[in-house]
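Descriptive structure summary
Chain by chain, the residues run as shown.
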Amino acid sequence: MSVFTAAADQSLCSPLPVLGKGVTVPLVTGGEVTYAALDYAASAPALQRVWDDVAAYAPYYGSVHRGAGYLSQLSTDLFENSRATVAEFLGCRADDQVIFTRSTTDSLNLLAAAVPADCQVFVYETEHHASLLPWRDARVTYLNAPRTPAQAVETLERALADREPYGSALVCVTGASNVTGELWPVKELAAAAHAHGARIVLDAAQLAPHHPVDIAELDVDWVAFSGHKLYAPFGSGVLAGRADWLQEADPYLAGGGASRKVARRTDGGVDVEWHSTAARHEAGSPNVIGVYSIASACKALTEAGFDSLVAREQHLVSTVRAGLAGIPEVKVLSLFGDDAPRVGVISFVVEGWNSSHFAAALSAEYGIGVRDGLFCAHPLVRTLLGSDPQEVGECGAPEAEPGELSLNAIRVSFGAGTPDEHIERFVRAVKELVSKGAQWKYRTEDGRCVPDRGAAQL
C-alpha cells in the first residue's frame, strides 16, 4: 500500500467531479498519461455539476432585463436568483450589493474607480497584482511584507495611526496568498481598519474556493473573487459589499442597463439618471451564463460541505509538504512559517534548477501541470527569494537557458477536484527529477522552456 493512501483518513470526502479528469496527454518520452492538473491557483477546472447546470439552461438562453418574451423573463429570474445565491454564499448583510464583473481584477478596478477622490489606500506588497495595482488615482501607502500574522496587524495599525488624520481610507488585503497559500488574519485586520475609521476590501480569489467566506462574520466592507478559480468557467467575477461608495460613484461603464433615464437637453446635451442598484455598474448585456455558473458553483460547494472539503484539502497539503520536506534540495516559500494555516497553494524552488526547466520537465515527462515564474505577485516572490522587492521582474519564465539559474519559483496548487493519485505522482516526480535529472533535453523558445523535439532522450 502507498504511504499516501495509508495515511489517508477514511472519513475524508471523495474529490468532486470536475471536467477533464480523464484527459490524457502525450509524454515526450513516449506514451500517454492522465493529466494531473495542479495549477488550480491560476484556474480551477469547472465542476461537472456546474457544466451540467449550464448545459441544461443553454436552450433557454435569453437576454436579461426588460424583455417581454418568456426566455428573457426566465433568464432574468435566473440572473437575479444567482445574485441572491452569491449573497447567501458570502453571508452578505441586508444592505450589501452584489455586482457581477469579469474577474477579481475587474472587481477591484471597479472599486478603485469608486473610491472618494481623497481616499488613502493601504496595501501590502504581498498582494497579487490584481489588488496591488488598481489604485492609480488614490494616495497609496505600500506596506512591507510581514513575517507573522500578528506583525501584519501591527504593521497596518502603525501605518493607519501615522497617517491620521485623513479623509476616506481603504485597506486592501488578500485572504489567502496566491504564492504561499497562507491564510491572512482578515478579521483582525478588519478590526484594526475600522478602529481607525478605514474600510477594508478582501481579495478572496484564493480563499473563496477553499474556505467559507462570510462578509458579516469577518466584518469586511467588500469581497472580490473570480468564477474561474471557484470551479466555474472563465469570464465572470463578483464584487460584493457596501453600497454607498458604489452608489455615489459614476458608473464603471456608461451604457444601457446602467442608465435609468436618458433625455436630450435643449442645449443639445444629454441628461442621465443612473441606477442606484447593482445595475449602475453592470452596463451592457451581462454574462448570464457566467453569472449562473458562479451561482451553481456556490451551491455545489455549500452542498458538499466546506468542513469536509477543507479536511480533505488539508490532507493533500500535508502530503505535499511532507513529501517536499524529505527532499533537501527543495525550499518551500513561506511568509509566516511552517505552522501557518494555508490552502492548497505551495510554491518552492529546487537547488540547481531553473524553475522553468523544472516545471517543463514535470509536464513533458510526467503529465503534471504546475506553474512557474513570479505568479503576478512580483514584489512578494522576490522578497521570499531574498531579492530586492523593487527589482523589476517579468511574468512567466525568464530568458535563462534550462541549465542557468533564475529568480523565479514553481507553484503547485490543488483543490476540491484533485485526486490523491495526482498528488502522489507529483511528489514522486519531484523526487525523481532531483535525484536523477531530466530524461530529455530542453531549450528556451519565446521565453518558455520546452522539450527539444529534435534531441534524443538522455
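Our subject is the structure listed above.
Residues numbered from 1 in each chain as written. Predicted model: local features only at pLDDT ≥ 70, side-chain atom pairs only at ≥ 80, totals over all residues. Heavy atoms only, no water.

**What to know about the overall build of the protein**
The helix and strand tally for the protein stands at 14 helices and 19 strands. Against the compact-globule benchmark of 23 Å for 458 residues, the protein has a radius of gyration of 23 Å, which places it among compact chains. A principal-axis box enclosing the C-alpha atoms of the protein has dimensions of 80 × 55 × 45 Å. Classification of the 458 residues of the protein by burial places 56% in the buried group. When contacts within the protein are restricted to residue pairs at least 6 apart in sequence, those whose partners lie at least 24 apart make up 70%. Accessible area of the protein: about 19500 Å², with a carbon and sulfur share of 51%. Across the protein, 36 positive and 55 negative side-chain charges occur, with their mean positions spaced 3 Å apart. (Helix = DSSP H or I, 4+ residues; strand = E, 2+ residues; numbered from the N terminus. Rg over C-alpha atoms; globule rule 2.2 N^0.38 Å. Buried < 20%, exposed > 50% of the residue type's maximum accessible area, 1.4 Å probe, protein only. Contact = heavy atoms within 4.5 Å. Areas by Shrake-Rupley, 256 points an atom, 1.4 Å probe, with all protein chains shown as cover. Lys, Arg positive; Asp, Glu negative; His and termini not counted. Charge placed at Lys NZ, Arg CZ, Asp CG, Glu CD.)

**Quick look at a nonpolar patch on the surface**
Taken together, the side chains of Tyr60, Tyr70 and Leu71 define a hydrophobic patch exposed on the protein surface, amounting to about 340 Å² of accessible area. Mapped onto the elements, leucine 71 comes out in helix α3 (residues 70-89). Residue leucine 71 is classed as partly exposed on the basis of its relative accessible area, which comes to 33%. (Patch = residues over 30% accessible without salt bridge, like charges linked within 9 Å, V, L, I, M, F, W, Y side chains within 5 Å. Salt bridge = Lys/Arg side-chain N within 4 Å of Asp/Glu carboxyl O.)

**Re the nonpolar core**
By size, the foremost hydrophobic cluster in this structure holds 81 residues, and its most contacted members are Leu90 and Phe225. Per-element accounting of this core gives the leading share, eight residues, to helix α10 (residues 288-304). With residues near it in sequence (within four places) discarded, leucine 90 still touches Val213, Asp214, Ile215, Val223, Phe225, Val238 and Ala240. One finds Leu324, Ile327, Val350 and Ile368 within the second-largest nonpolar core, a separate group that totals 36 residues. (Core = buried A, V, L, I, M, F, W, Y, C linked by side-chain atoms within 4.5 Å.)

**Things to note about the pattern of salt bridges**
One pass over the structure, following the stated rule, counts 21 salt bridges. The partner of glutamate 80 in a salt bridge is arginine 83, with the nearest N and O atoms 2.8 Å apart. With glutamate 80 and arginine 83 both in helix α3, this residue pair falls three residues apart, about one helical turn. Among the charged side chains, a network of salt bridges with common partners joins Arg199, Asp221, Arg242 and Asp244.

**Notes on unusual backbone geometry**
Positive phi, normally seen in glycine, also occurs at tyrosine 231, with a value near 70 degrees. For tyrosine 231, the position within the fold is in the loop between β9 (222-226) and β10 (237-241). On the basis of relative accessible area, tyrosine 231 is assigned to the buried category, the value being 1%. The backbone phi angle of phenylalanine 375 is positive, close to 60 degrees, even though this residue is not glycine. By the element assignment, phenylalanine 375 lies in the loop between β16 (371-373) and α13 (378-384). The exposure class of phenylalanine 375 is buried, given its relative accessible area of 7%.

**Some thoughts on the pairing of strand β17 (residues 409-413)**
Two faces make up the sheet, and in a regular strand the side chains alternate between them. Most of β17 sits out of view: five of its five residues are buried. Of the two faces of β17, the one holding Ala409, Arg411 and Ser413 and the one holding Ile410 and Val412 are both buried throughout. As judged from the four bridges shared by strand β14 (residues 345-350) and β17, these two strands associate in the antiparallel manner. Note that in β17 the partner of serine 347 across the bridge is arginine 411. Summarising the sheet, β16 and β17 pair through three bridges and their orientation is antiparallel. (Pairing = 2+ DSSP bridges.)

**Digging into the sheet that holds strand β13 (residues 330-332)**
Working definition: the strands of a sheet are paired by backbone hydrogen bonds and lie parallel or antiparallel to each other. Taken together, four strands build an open sheet; the order of strands is β13-β14-β17-β16 and the sheet is antiparallel. Strands at the two margins of the open sheet, each flanked by one partner only, are β13 and β16. On average, each strand axis in the sheet is tilted by 30 degrees relative to the strand beside it, whichever way the strands run. Strands in contact with helix α11 (residues 306-325) are β13, β14 and β17; relative to β14, the strand with the most contacts, it is inclined by about 10 degrees. (Axes fitted to C-alpha atoms, helices over the stretch in contact; angles between N-to-C directions.)

**Observations regarding the side chain of serine 413**
Take serine 413: it is sitting in strand β17. Among the residues examined, serine 413 registers a relative accessible area of 0% and is labelled buried. Side-chain polar atoms of serine 413 contact the backbone nitrogen of alanine 41, separated by 2.8 Å. Here serine 413 is in contact with Ala37, Leu38, Asp39, Tyr40, Ala41, Gly344 and Val345, once residues within four sequence places are set aside. (Polar contact = N/O pair within 3.5 Å; in protein donor to acceptor, adjacent residues only side chain to side chain.)

**Re the sheet that holds β9**
The sheet built from seven strands is open, its strands ordered β4-β10-β9-β8-β7-β5-β6 with mixed pairing. Each having just a single partner strand, β4 (97-101) and β6 (139-143) make up the two edges of the open sheet. Averaged over all pairs of adjacent strands, the angle between strand axes in this sheet comes to 20 degrees, irrespective of strand direction. Of the strand pairs in this sheet, strand β5 (residues 120-124) and strand β7 (residues 169-174) are connected by four bridges, and their pairing is parallel. The partner of valine 121 across the bridge, within β7, is leucine 170.

**Details of the packing of α11 against helix α14 (residues 420-436)**
Orientation of α11 relative to α14, taken along the N-to-C sense of each, is 10 degrees, at an axis distance of 10 Å. When the axes of α11 and α14 are compared, the pair comes out roughly parallel. Every residue of α14 that contacts α11 at Arg312, His315, Leu316, Thr319, Val320, Gly323 and Leu324 is listed here: Asp420, Ile423, Phe426, Val427, Val430 and Lys431. Among the residues making up the contact of α11 with α14, the classes are represented as seven nonpolar, three polar and three charged. (Parallel < 35°, antiparallel > 145°, perpendicular 65-115°, else oblique. Nonpolar A, V, L, I, M, F, W, Y, C, P; charged D, E, K, R; others polar.)

**What to know about the environment of tryptophan 440**
Within the secondary structure, tryptophan 440 sits in the loop between α14 and β18 (442-445). Between the C-alpha atoms of tryptophan 440 and alanine 364, which are 76 residues apart in sequence, the distance is 8.8 Å.

**Describing the state of the cysteines**
Evaluation of the coordinates by the stated rule reveals zero disulfides. The thiol of cysteine 13 is unpaired, and the distance to the nearest cysteine sulfur, on cysteine 298, comes to 18 Å. In this structure cysteine 119 is a free cysteine whose sulfur lies 11 Å from that of cysteine 172, the closest cysteine sulfur available. Classification of cysteine 119 by relative accessible area gives buried; the value is 0%. (Disulfide = S-S within 2.5 Å.)

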